[in-house]
Amino acid sequence: MFLKNDFDGASKNYQRAIDKFPINVDNYYNKMVSSFKLNNHNDVEETFKLLPDSLNPGNGQIEFLMARSYLNIKDTINACEFFNKSKSLNFKQSTTYYKNLCLD
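Residues numbered from 1 in each chain as written. Predicted model: local features only at pLDDT ≥ 70, side-chain atom pairs only at ≥ 80, totals over all residues. Heavy atoms only, no water.

**Let's talk about helix H2 (residues 25–37)**
Taking 1.5 Å as the rise per residue, H2 with 13 residues should run 18 Å; its terminal C-alpha atoms sit 19 Å apart, in good agreement. Listed as buried for H2 are Val25, Asn27, Tyr28, Lys31, Met32, Val33, Ser34, Ser35 and Phe36. On its buried side, H2 packs onto helix H1 (7–20), helix H3 (41–50) and helix H4 (61–72). Residue Asn24 occupies the N-cap position of H2, its side-chain oxygen lying 2.9 Å from the main-chain nitrogen of Asp26. (Helix = DSSP H or I, 4+ residues; strand = E, 2+ residues; numbered from the N terminus. Expected span 1.5 Å × (residues − 1). Buried < 20%, exposed > 50% of the residue type's maximum accessible area, 1.4 Å probe, protein only. Contact = heavy atoms within 4.5 Å. Polar contact = N/O pair within 3.5 Å; in protein donor to acceptor, adjacent residues only side chain to side chain.)

What follows is the structure, encoded as structure tokens:
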């Protein structure tokens, strides 16, 4: 569904996957990306909050997605917080965003 740009259907399927197998971080991340593509930033945030810390791979990718989501709703304070977290986890894409948005 995701590959066919059916982000709503994909989001619903990823939620079902989370419900059935809540220890797979990919389901959370993919649901967050699907929701991001739908501009449903509340759902991105809610899915992030449901993600157990123990499942977060700590590579900064999820934090980067959260930052981008906050940026899309013009919440630069939270965006900068998450870009900084992502950057500190060595997710390279966050460095440029952080420098351009948060240090000015």
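**A look at the packing of aromatic side chains**
Summed over all chains, the structure comprises 7 aromatic pairs. Both rings, one in Phe64 and one in Phe91, keep their centres 5.2 Å apart while their planes meet at 45°; by these two values the pair is tilted. Of this pair, Phe64 sits in helix H4 while Phe91 sits in the loop between helix H5 (76–88) and helix H6 (92–102), placing them 27 residues apart in sequence. An aromatic cluster is built from Phe64, Phe83, Phe91 and Tyr97, whose rings are joined through pairwise contacts. In this arrangement the basic side chain of Lys85 is found over the ring face of Phe82, its NZ or CZ atom lying 4.5 Å from the centre. (Phe/Tyr/Trp six-rings, centres within 6.5 Å; stacked < 30°, edge-to-face > 60°. Lys NZ or Arg CZ within 6 Å of the ring centre and 35° of its normal.)

**Digging into the state of the cysteines**
Scanning the model with the defined rule gives 1 disulfide in all. Put simply, Cys80 and Cys102 are joined by a disulfide, and their sulfur atoms are 2.0 Å apart. Where Cys80 bonds to Cys102 through sulfur, the torsion about that S-S bond is close to -100°, and the disulfide is left-handed. In this pair, Cys80 sits in helix H5 while Cys102 sits in helix H6, placing the two residues 22 residues apart along the sequence. (Disulfide = S-S within 2.5 Å.)

**Describing empty space enclosed by the protein**
The final tally for this structure, using the stated rule, is 1 cavity of 30 Å³ or more. Taken as a whole, the largest cavity holds about 40 Å³ of empty space. Taken together, His41, Asn42, Glu45, Met66, Ser69, Tyr70 and Ile73 make up the full set of residues lining the largest cavity. Those elements that place two or more of their residues in the lining of the largest cavity are H3 and H4. Looking at the lining of the largest cavity residue by residue, the classes come out as 3 nonpolar, 3 polar and 1 charged. (1 Å grid on protein atoms, 1.4 Å probe; cavity = no way out; pocket = protein on both sides within 12 Å on 5 of 7 lines; lining within 4 Å. Points joined across faces, edges and corners; volume = space filled by probe spheres on them. Nonpolar A, V, L, I, M, F, W, Y, C, P; charged D, E, K, R; others polar.)

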